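Next come the chains, spelled out residue by residue.
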Amino acid sequence: MTRPSLALSVVIPVYNGAASIGELVAALSDLSVPGGHEIILVNDCSPDDSLAVCRALLADARVPMTLVNLSRNFGEHNAVMVGLRHAQGTHVITMDDDLQNPPSEVLRLLEYAQQSGKEVVYTTYASKEHARWRNLGSRFTNRVADWLLDKPRGLYLSSFRCMSAFVVAEITRYDGPFPYVDGLIMQVTQSLGALEVEHLPRAYGGSNYTLRRLWLNMFVNFSVMPLRLATVAGFAISVCGLAGTLWVVLEALLQETPPGWASLAVAVLLLSGVQLMMLGLIGEYLGRLYLTANRKPQSVIKEVMRSSIGETRRQADDRSAALTLRRG
């Protein structure tokens, strides 16, 4: 792993963030970070004019800035993985583009990570300013993650997190098409911390939050627990079926044989539904294996643009490295 050239990299996936990304970048650029910092924007094929706004920000950048433009929409976690691969900081902070995490909290998060020595620090909120349905979805997701992932019980998995360069280097080794950043983190380290920060109401637009991709990636890509549940459910239903068979035989021997059409239909529908659900679950695993084996891309980068400040620093680092090699 190459030696990080900056103290901090801030990775921001951009999607429908044209109204907020300028204010966020301006606030981050004003931060005074000992050792320097950079900003990495990943445009996830946003349907609004986020790309044009990001290009303008790049032209007027006051700190090293990188803009990565993806060829199509791949999803938040895929975009974050792209940004992590371009990060050069000793620590890397990921955050959303919606301004709900105040940029001033970035320094607190970095300082806490440096002082605590934790490899990964997640943020928690005393009060979350999301819609009620999203808060319920997040709470359910974290409860499920307690069960499926090897993480400390109750730790809130926030997208506003700080990681060490070591963790970033390890999780970016994963090149499968269905990344789940928190799942990858749990596979790399158990040195986890939490810091309570402020959470603001959304200033612009609506939420882009979706649970579908997140839940599928968590359930199917980073745990075999659903398959084990299917096995347990199948065994339980088999036991119920055996008990029902014995009950029917005894009733037929001791009493008149009941018509039983309604109960028979219910049993058939129940068993058929469970079987189809299990087949669908197995099919999801097999489908993802098929796509992975056929090298479905995690992302496709259309272009990478860097600010002149970033290029100057990069060239200076290259000259310094070459001079060190010659002296060696």
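Going by the structure above, here's the rest.
The rules behind each value
- Residues numbered from 1 in each chain as written.
- Predicted model: local features only at pLDDT ≥ 70, side-chain atom pairs only at ≥ 80, totals over all residues.
- Heavy atoms only, no water.
- Buried < 20%, exposed > 50% of the residue type's maximum accessible area, 1.4 Å probe, protein only.
- Helix = DSSP H or I, 4+ residues; strand = E, 2+ residues; numbered from the N terminus.
- Pairing = 2+ DSSP bridges.
- Polar contact = N/O pair within 3.5 Å; in protein donor to acceptor, adjacent residues only side chain to side chain.
- Salt bridge = Lys/Arg side-chain N within 4 Å of Asp/Glu carboxyl O.

Engineer: Just checking my understanding: could you explain the pairing of strand 6 (residues 161-164) for this structure?
Structural biologist: A regular strand places its side chains so that they alternate between the two faces of the sheet. With burial as the criterion, each face of strand 6 is covered, one bearing R161 and M163 and the other bearing C162 and S164. Across four bridges, the pairing between strand 4 (residues 89-94) and strand 6 is antiparallel. Paired with H91 across the bridge in strand 6 is S164. Relative to strand 6, strand 5 (residues 120-125) runs antiparallel, the two being bridged by three bridges. Bridge pairing links V121 to C162 in strand 6.

Engineer: Help me out: how do you make sense of the side chain of N43 in this one?
Structural biologist: Among the secondary structure elements, N43 is positioned in strand 2 (residues 37-43). A distance of 2.8 Å separates a polar atom in the side chain of N43 from a polar atom in the side chain of N69.

Engineer: Honestly, the pattern of salt bridges in this entry has me stumped. Any pointers?
Structural biologist: Two side chains of opposite charge can pair, provided their charged atoms sit close to one another. Scanning the model with the defined rule gives six salt bridges in all. Its salt-bridge partner being E303, residue R55 comes within 2.5 Å of it at the nearest N-O pair. Residue R55 is located in helix 2 (residues 50-59), and its partner E303 is located in strand 8 (residues 301-306); the two are separated by 248 residues in the primary sequence. Classification of R55 by relative accessible area gives partly exposed; the value is 35%. On the basis of relative accessibility, which here comes to 24%, the residue E303 falls in the partly exposed class. Salt-bridge contacts for R173 lead to E170; the nearest nitrogen and oxygen are separated by 3.3 Å. Note on E170: relative accessible area 28%, which makes it partly exposed.

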